[in-house]
Amino acid sequence: MTSKITDVPGIRVGHVQRIGDGWLSGVTVVLPPPGTVGSVDVRGGGPGTHETDALDPTTLVPTVDAVVLTGGSAFGLVTAHGAQRWCEEQARGFAVPGGVVPIVPGAAIFDLGRGGDFAARPDEAMGYEAAGAAAASSEHADVGRGNIGAGTGAVIGRGAFKGGVGTSSITLDSGVVVGALAVVNALGMPFGTSSPRIESGTSEPVGPPALNTTLVVVATNAVLDPAECKRTASAAHAGLARALSPSHTLADGDTVFALATGAVGLDRSSEQARQVSLITLQSAAADAVRLAVLDGVAAAESITTAAGTFPAYGEV
């Protein structure tokens, strides 16, 4: 069976998308079990994010109720409100007098107009639906890949090829599982290949630089505190750099979320053991991200819309 982020017990994924009639966009929600610790590291020069400041290790609430990845650029961030409403209805959130406040960070890729209609972008209802789809999935369920969810309108290589959703997981000898889900919408290309050029022998890229972003959620069943979760998100960015060239550019909003469900303790019997445990986990996180990014490129399928044809990588 192909590895996936839902190999981490308790992690669920829901996708919602619309294709046709000017649409080529969607939403993906990663729903962790209650009490999951979360953090984030934003490295790209053009990020579109929601509630990421709440994940700083120095802030009040250490846990995350859902993570929303969406198309629609900054407009699409409204989908987080839909996921938040779903969480509130399920009483998932930070308890306050009178109710709960769900902690639902999110991030967006730029896919505006790729279906032909600039105004066809995800809304709050799609975020709500994606959260419900995640909850309705079974434990360790398969995860949709390619042209689905937030990867529906994703492209790579300055729009030369179709991008999409990819996922992977790695299981360590200690029983720790590290999984990743990536929405690959990159300016760059898979490492070792070049961005398309106007013609052989020129260094000028085809057209103006597109607006892009690769979004990642890394999840583990390990016990991590908020600072360790932050460091895991930071380390996982190495996987983007190994998979895509270039990465973390001014025109990318590359963002990695990290989630720790806290089911498996790390060896903390000594300071050296603690360091080795964390380094091993964080190295696995980077490898899982690399694999998820390459999986997203491989799973993406060609599509033609009113905006043009986006072939699968390797078709032309």
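Residues numbered from 1 in each chain as written. Predicted model: local features only at pLDDT ≥ 70, side-chain atom pairs only at ≥ 80, totals over all residues. Heavy atoms only, no water.

Colleague: Residues and numbers for the overall build of the protein, please.
Modeller: Helix and strand content of the protein: four helices and 18 strands. Seen along its three principal axes, the alpha-carbon backbone of the protein occupies a region of about 60 × 45 × 35 Å. Among the 316 residues that make up the protein, the fraction classed as buried is 54%. Considering only contacts in the protein between residues 6 or more positions apart, those separated by 24 or more positions represent 79%. Of the roughly 12200 Å² of accessible surface on the protein, 53% is carried by carbon and sulfur atoms. When the 18 positive and 29 negative side-chain charges of the protein are each reduced to one mean point, those points stand 3 Å apart. (Helix = DSSP H or I, 4+ residues; strand = E, 2+ residues; numbered from the N terminus. Buried < 20%, exposed > 50% of the residue type's maximum accessible area, 1.4 Å probe, protein only. Contact = heavy atoms within 4.5 Å. Areas by Shrake-Rupley, 256 points an atom, 1.4 Å probe, with all protein chains shown as cover. Lys, Arg positive; Asp, Glu negative; His and termini not counted. Charge placed at Lys NZ, Arg CZ, Asp CG, Glu CD.)

Colleague: Describe the nonpolar core, with residues and values.
Modeller: Counting residues in each nonpolar core, the largest one holds 34 residues, and the members touching the most others are Val218, Val289 and Val293. Looking at which element gives the most residues to this core, the answer is helix H4 (residues 271–299), with nine residues. In this structure, valine 218 is in contact with Val178, Gly179, Ala180, Ala236, Val256, Phe257, Ala258, Leu259, Ala285 and Val289, ignoring residues within four places of it in sequence. Formed by 27 residues, the second largest nonpolar core is a distinct cluster that contains Val30, Ala107, Ala150 and Val177. (Core = buried A, V, L, I, M, F, W, Y, C linked by side-chain atoms within 4.5 Å.)

Colleague: So what's going on with helix H3 (residues 226–243)? Which residues, and what values?
Modeller: Its 18 residues place the ends of H3 27 Å apart at the C-alpha level, agreeing with the 26 Å of an ideal helix rising 1.5 Å per residue. Listing the buried residues of H3 in full gives Glu228, Cys229, Thr232, Ala233, Ser234, Ala236, His237, Gly239, Leu240 and Ala243. Against the buried residues of H3 lie strand E3 (37–42), strand E13 (189–190), strand E14 (213–222), strand E15 (244–245), strand E16 (255–264) and H4. Measuring from the backbone nitrogen of alanine 227 back to the side-chain oxygen at the start of H3 gives 3.1 Å, which picks out aspartate 225 as the cap. (Expected span 1.5 Å × (residues − 1). Polar contact = N/O pair within 3.5 Å; in protein donor to acceptor, adjacent residues only side chain to side chain.)

Colleague: A description of the sheet that holds strand E1 (residues 12–20) should follow, citing residues and the corresponding values.
Modeller: A sheet is described by the order of its strands in space; here five strands give the open sequence E1-E2-E5-E8-E4, paired in mixed fashion. Pairing within the sheet leaves two strands with one partner each, and these edge strands are E1 and strand E4 (49–50). As paired strands, strand E5 (residues 67–70) and strand E8 (residues 106–108) are joined by three bridges and run parallel to one another. Within the sheet, the bridge partner assigned to leucine 69 lies in E8 and is alanine 107. Contacts from helix H1 (residues 79–89) reach strand E2 (23–31), E4 and E5, with the element oriented near 150° to E5. (Pairing = 2+ DSSP bridges. Axes fitted to C-alpha atoms, helices over the stretch in contact; angles between N-to-C directions.)

Colleague: How would you explain the confidence of the model for the protein if you had to name every residue and give the values?
Modeller: Residues with a pLDDT of 70 or more make up 93% of the protein, whose mean pLDDT is 92. Under a pLDDT of 50 for its full length, residues 197–209 has, in the predicted model, 14 contacts with residues more than four places off or in other chains. (pLDDT = per-residue confidence, 0-100.)

Colleague: Describe the packing of aromatic side chains, with residues and values.
Modeller: Under the definition given, this model contains two aromatic pairs. Considering the side-chain rings of phenylalanine 161 and tyrosine 313, the 5.4 Å spacing of their centres and the 85° angle between planes classify their relative orientation as edge-to-face. Residue phenylalanine 161 is found in strand E10 (residues 161–162), and its partner tyrosine 313 is found in the segment after strand E18 (308–310); the two are separated by 152 residues along the sequence. Directly above the ring of phenylalanine 75 sits arginine 121, whose terminal nitrogen or CZ lies 3.6 Å from the centroid. (Phe/Tyr/Trp six-rings, centres within 6.5 Å; stacked < 30°, edge-to-face > 60°. Lys NZ or Arg CZ within 6 Å of the ring centre and 35° of its normal.)

Colleague: Account for the packing of H1 against helix H2 (residues 124–136), naming residues and giving values.
Modeller: Relative to each other, H1 and H2 sit at 50°, their axes nearing to 6 Å. The angle between H1 and H2 falls in the class oblique. Like other packed secondary-structure pairs, H1 and H2 cross with a definite hand, here right-handed. Contacts between H1 and H2 pair Thr79, His81, Gly82, Ala83, Arg85, Trp86 and Glu89 from the former with Glu124, Gly127, Tyr128, Ala131, Gly132 and Ala135 from the latter. A breakdown of the residues in the contact of H1 with H2 according to their chemical character gives five nonpolar, five polar and three charged. (Parallel < 35°, antiparallel > 145°, perpendicular 65-115°, else oblique. Left-handed = near helix turned anticlockwise from the far one by under 90°. Nonpolar A, V, L, I, M, F, W, Y, C, P; charged D, E, K, R; others polar.)

Colleague: So, the pairing of strand E11 (residues 165–171): which residues are in play, and what are the values?
Modeller: Among the seven residues in E11, five count as buried, and that is most of the element. Sheet analysis places E11 next to strand E12 (residues 177–185), joined by seven bridges and oriented antiparallel. Within E12, the residue paired with serine 169 across the bridge is glycine 179. Hairpin remark: E11 followed by E12, antiparallel, with five residues in the connecting loop; positive phi at glycine 175, about 95°.

Colleague: How would you summarise the side chain of threonine 6 if you had to cite specific residues and measurements?
Modeller: Mapped onto the secondary structure, threonine 6 falls in the segment before E1. Judged by its relative accessible area of 3%, threonine 6 is buried. Setting aside anything within four residues of it in sequence, one finds threonine 6 in contact with Ile11, Arg12, Val13, His140, Ala141 and Val143.

Colleague: With reference to specific residues and values, describe the sheet that holds E16.
Modeller: Reading across from one edge, E3-E16-E14-E12-E11 is the order of the five strands in this open sheet, with mixed pairing throughout. Of all the strands in the sheet, the pair left with one neighbour each is E3 and E11. The mean angle between the axes of side-by-side strands here comes to 15°, regardless of whether they run parallel or antiparallel. With seven bridges connecting them, E14 and E16 associate as parallel partners. Bridge assignment links valine 218 to a residue of E16, and that residue is alanine 258. Lying over the sheet, H3 contacts E3, E14 and E16, oriented at roughly 45° with respect to E3. Sheet strands touched by H4: E11, E12 and E14. Its angle to E11, the strand with the most contacts, is close to 145°.

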